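Inside the fold
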Amino acid sequence: MSENNSFLVFSGTNTRYLAEKICASLGCPLGNLVVTRFSDGEFAVSYEESIRGKNVFLVQSTFPNSDNLMELLLMIDAAKRASARHIIAVIPYFGWARQDRKDKPRVSIGAKLVADLLSCAGIDRLITMDLHADQIQGFFNVPVDHLYASGVLLPYVQSLKLKDLVIASPDVGGSKRANTYAKYLGCPLVLCNKTRARANEVESMQIIGDVKGKNVILVDDMVDTAGTITKAANIMKEAGAVSVRALASHCVMSGPASERVQDSCLEEIVFTDSIPYTNRCSKVKQLSVADMFAETIRRVVKNESISSQYLI
């Protein structure tokens, strides 16, 4: 890229695996950033090369623990103080996004707080993917490029060449996303209606639609403890589905998730690599979004349209 001298890409500690693939796609080196850690857990960041007057892209997903977010905030502050021209946060997985509203009295709105922290630190633009709630974009007063994992997940579904395909949402809240997939693939939509006993615990679930004799693909934005997705898969299998697979953008997969997926009726569960997955589960497959983010960075640098690369 002839524009390489006008921008630099840096990575936080735990998203380096993805930043390296993004840089390989862009044909540029990953910038030299050092994170110094102290014995009490505090850390500091420093750029080991000049970024004065450059467009600086900082790649870091803000998945737990909160060190990832704090590291990104320090990277932004250091870039601002080092006279970067523009600071663009590239956050493939935007953490705290489930806290997008007050769903009961006396609770925080974590997504808004994180947006304020990033803005106060000094970002000029945000590039992210599949926010848990689209309205989070409105929490920012800077441009937000909201990418969609459908760009890599849909071609994979098409490559399976499944007959009698049905797209399903594991809960009513994800029906809009599932309906978009179903329309694109030209197949029926099935919904699951669930009630929760408490956070991360599903009490009951019913299927709305017919799955008998069908190959079902469940679509969601993230899988945390895998309680909902595995329960939905098992219920659909009991209802006569030939096979059940799952697609999700973000591989949170915390606690007992890997064991639940392994023991479930799921044929496979396909994620992007927005979050690193280190556990071993033969049913988990990750597709890289590095090329998609690299193309978006290229278009931002060249002031080209971002939306024209979307499938849906």
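Here the structure is shown first, and the text comes after it.
Bear in mind the structure is a predicted one, so any value in this text is a computation, not a measurement.

Along the chain, the regular secondary structure elements total eight helices and 14 strands. Taken against the 2.2 N^0.38 rule, which gives 20 Å for 312 residues, the C-alpha radius of gyration of the chain at 20 Å falls within 12% of a compact globule. Principal-axis analysis of the C-alpha atoms gives the chain an extent of 60 × 45 × 35 Å. In the chain, which comprises 312 residues, the proportion classed as buried is 51%. Within the chain, the 33 negative side-chain charges are centred at a point lying 4 Å from the centre of the 35 positive side-chain charges.

All right, on to helix α2 (residues 67-81) then. Along an α-helix, residues three or four apart share an orientation, since each turn contains 3.6 residues. Taking 1.5 Å of rise per residue, 15 residues should cover 21 Å, and α2 covers 21 Å from first to last C-alpha, within 8% of that figure. Among the residues of α2, those classed as buried are N68, L69, E71, L72, L73, M75, I76, A78 and A79. Of the surrounding secondary structure, the elements contacted by the buried residues of α2 are β1 (7-11), β2 (33-37), β3 (43-47), β4 (55-59), β5 (86-91) and α3 (110-121). Positive phi shows up at S83, right after α2, with a value of about 70°.

Positionally, A168 belongs in strand β8 (residues 165-169). The buried category is assigned to A168, whose relative accessible area is 0%. As for A168 and P256, which are separated by 88 residues in sequence, their C-alpha atoms are 23 Å apart. Once you skip the residues sitting within four places of it in the chain, A168 turns out to touch A178, V190, V216, I217, L218, V219 and M236.

Further remarks concern the packing of aromatic side chains. For any pair of aromatic rings, geometry is given as the distance between the ring centres together with the angle between the planes. One pass over the structure, following the stated rule, counts four aromatic pairs. Summarising the aromatic geometry, the rings of F94 and F140 are spaced 6.0 Å apart at their centres and angled 75° between planes, so their arrangement reads as edge-to-face. Taken as a pair, F94 in the loop between β5 and α3 and F140 in the loop between β6 (125-129) and β7 (144-147) lie far apart in primary sequence, 46 residues in all. Above the ring of F43, the side-chain terminus of R37 is found at 4.9 Å from the ring centroid.

Right, let's get into the pairing of β1. With respect to burial, β1 is a largely interior element, five of its five residues being buried. Inspection of the sheet shows β1 paired to β4 by five bridges, in the parallel sense. Within β4, the position partnered with V9 by the bridge is F57.

The next thing to look at is the packing of α2 against α3. Each pair of packed helices gets described by two things: the angle between the helix axes and the distance between those axes. For the pair α2 and α3, the least separation of the axes is 8 Å and the interaxial angle reads 25°. As the angle between them shows, α2 and α3 are arranged roughly parallel. Each of L69, L72, L73, I76, D77 and K80 in α2 lies in contact with α3, whose residues at this interface are V114, L117, L118, C120 and A121. The residue inventory of the contact of α2 with α3, partitioned by class, reads nine nonpolar, no polar and two charged.

What counts and how
Residues numbered from 1 in each chain as written. Predicted model: local features only at pLDDT ≥ 70, side-chain atom pairs only at ≥ 80, totals over all residues. Heavy atoms only, no water. Helix = DSSP H or I, 4+ residues; strand = E, 2+ residues; numbered from the N terminus. Rg over C-alpha atoms; globule rule 2.2 N^0.38 Å. Buried < 20%, exposed > 50% of the residue type's maximum accessible area, 1.4 Å probe, protein only. Lys, Arg positive; Asp, Glu negative; His and termini not counted. Charge placed at Lys NZ, Arg CZ, Asp CG, Glu CD. Expected span 1.5 Å × (residues − 1). Contact = heavy atoms within 4.5 Å. Phe/Tyr/Trp six-rings, centres within 6.5 Å; stacked < 30°, edge-to-face > 60°. Lys NZ or Arg CZ within 6 Å of the ring centre and 35° of its normal. Pairing = 2+ DSSP bridges. Axes fitted to C-alpha atoms, helices over the stretch in contact; angles between N-to-C directions. Parallel < 35°, antiparallel > 145°, perpendicular 65-115°, else oblique. Nonpolar A, V, L, I, M, F, W, Y, C, P; charged D, E, K, R; others polar.

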